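Now for the letters of each chain:
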Amino acid sequence: MDQIDNKKDNDRIAVLMATYNGEQFVRMQIESLLAQTMTGWTLYINDDGSTDATPDIINEYAAKYDNIVVMGREGGMGACHNFLGMLCTVEAEYYFLCDQDDRWAPDKMEKEMKIMRETEKHGKETPVIVHCDLRVVDRQMNLIHESFNRYAGVYPHLLNRFDHSVEPYITGCTMLLNRAAHDAVVYPATLATMHDAWITLCTLKAGGVTILIDEPLVDYRQHGSNTLGARDIKKVGLAYRFRRLRKILRDKRRHYAMLRFLGYGSPWKYIKEKIRYKYLISKEA
């Protein structure tokens with residue numbers, strides 16, 4: 001695979017990491033980035049007001065490595081606006097998004113960049129998101145499931161058009177964006193429920209594409225404090241849905257609000273597409 005190892009490439013490829021009280025996990029994640037087969041990138045870290053040792057750890061790495069930069073943006077934003085704030089501040093041609101508590105496969109960046117380059121062969125005007133599957137693991141990195149998409153019952157190929165995107169389907173920590181996708185993101189993102197959903201919808205609205213690498217290149221750690229986390233679709237039955245009905249309805253209203261703000265159309269269109277999606281996944285399952 002192609003290597004990106006010229007010094008000048010450090011300013012072209014940005015890895016954006018949002019941290020908050022991640023002292024237990026952030027070292028492993030940073031080490032997994034340093035172990036990547038692809039070099040020539042800069043890691044930007046913005047802490048959201050941690051009260052543990054996270055700031056000390058990330059400053060330690062920044063002092064040791066020239067390609068690690070600790071940003072000084074204000075805290076208290078939450079993960080969504082921390083990521084979006086970094087995205088609109090950092091200048092680069094390509095952007096990887098990175099959580100503090102996961103672990104990347106050594107060739108994650110290389111494989112995603114290879115797909116990105118192949119997609120851009122005929123021009124860089126189209127917004128592109130490359131993403132991958134994840135391995136679901138517990139706090140100690142023991143395997144829970146080999147595929148997040150199958151575990152959570154997500155079918156990206158059924159949702160990868162703006163009109164069909166009635167549910168979020170890309171996990172932010174798997175994302176690679178090109179500059180056109182970066183430029184498609186709408187600000188202020190006051191209606192954004194999470195940064196990954198907002199970025200995906202803005203990209204698709206702008207006529208962009210999303211490309212799945214159907215391979216788990218991230219160990220997605222579940223530890224009880226995840227901002228969202230993974231749920232086993234087999235355990236999300238009627239009793240679960242009834243207990244959490246208010247939250248489920250709230251989340252669906254918020255997702256539709258994002259779609260509508262971006263010009264999606266009426267609630268009836270959204271409901272129709274939801275029914276269509278449920279029908280299609282019943283045939284896939």
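The structure presented is a predicted model; accordingly, all values stated were derived computationally and were not measured.

## A look at empty space enclosed by the protein
So, point 1. In this structure the tally under the stated criterion is two cavities of 30 Å³ or more.
So, point 2. Estimates place the volume of the largest cavity at around 40 Å³.
So, point 3. As for the largest cavity, its lining consists of Ser165, Glu167, Pro168, Tyr169, Ile170, Asp196, Ala197, Thr200, Leu201 and His255.
So, point 4. Ranked by residue count, the leading element in the lining of the largest cavity is helix α7 (residues 195-205), at four residues.
So, point 5. By residue class, the composition of the lining of the largest cavity is five nonpolar, three polar and two charged.

## Remarks on the packing of aromatic side chains
So, point 1. Summed over all chains, the structure comprises six aromatic pairs.
So, point 2. Ring plane angle 40 degrees and centroid distance 6.1 Å describe the contact between tryptophan 198 and phenylalanine 261, whose orientation is recorded as tilted. Of this pair, tryptophan 198 sits in helix α7 while phenylalanine 261 sits in helix α9 (residues 245-261), placing them 63 residues apart in sequence.
So, point 3. For tryptophan 198, a relative accessible area of 0% translates into the label buried.
So, point 4. Consider the rings of tyrosine 256 and tyrosine 270, whose centres lie 5.4 Å apart with planes at 50 degrees: the pair is tilted. Separated by 14 residues along the polypeptide, tyrosine 256 in helix α9 and tyrosine 270 in helix α10 (residues 267-284) bring together distant segments of the chain.
So, point 5. When the ring centre of tyrosine 264 is taken as origin, the NZ or CZ atom of lysine 269, which lies over that ring, is 4.4 Å away.

## Describing the pattern of salt bridges
A side chain of one charge can pair with a side chain of the opposite charge when the charged atoms of the two come close.
So, point 1. Here the structure, examined in full by the defined rule, presents 17 salt bridges.
So, point 2. One salt bridge in this structure joins lysine 124 and glutamate 93, with 3.8 Å as the shortest N-O distance. Taken together, the positions of lysine 124 in the loop between α4 (108-119) and β6 (128-137) and glutamate 93 in the loop between α3 (79-89) and β4 (94-98) put the pair 31 residues apart, joining distant regions of the chain.
So, point 3. Counted as one network, the salt bridges with shared partners bring together Arg12, Glu93 and Lys124.

## Section: the state of the cysteines
So, point 1. Scanning the model with the defined rule gives zero disulfides in all.
So, point 2. Sulfur of cysteine 173: no disulfide; nearest cysteine sulfur belongs to cysteine 132 and is 7.4 Å away.
So, point 3. On the basis of relative accessible area, cysteine 173 is assigned to the buried category, the value being 1%.

So, how was this worked out
Residues numbered from 1 in each chain as written. Predicted model: local features only at pLDDT ≥ 70, side-chain atom pairs only at ≥ 80, totals over all residues. Heavy atoms only, no water. 1 Å grid on protein atoms, 1.4 Å probe; cavity = no way out; pocket = protein on both sides within 12 Å on 5 of 7 lines; lining within 4 Å. Points joined across faces, edges and corners; volume = space filled by probe spheres on them. Helix = DSSP H or I, 4+ residues; strand = E, 2+ residues; numbered from the N terminus. Nonpolar A, V, L, I, M, F, W, Y, C, P; charged D, E, K, R; others polar. Phe/Tyr/Trp six-rings, centres within 6.5 Å; stacked < 30°, edge-to-face > 60°. Buried < 20%, exposed > 50% of the residue type's maximum accessible area, 1.4 Å probe, protein only. Lys NZ or Arg CZ within 6 Å of the ring centre and 35° of its normal. Salt bridge = Lys/Arg side-chain N within 4 Å of Asp/Glu carboxyl O. Disulfide = S-S within 2.5 Å.

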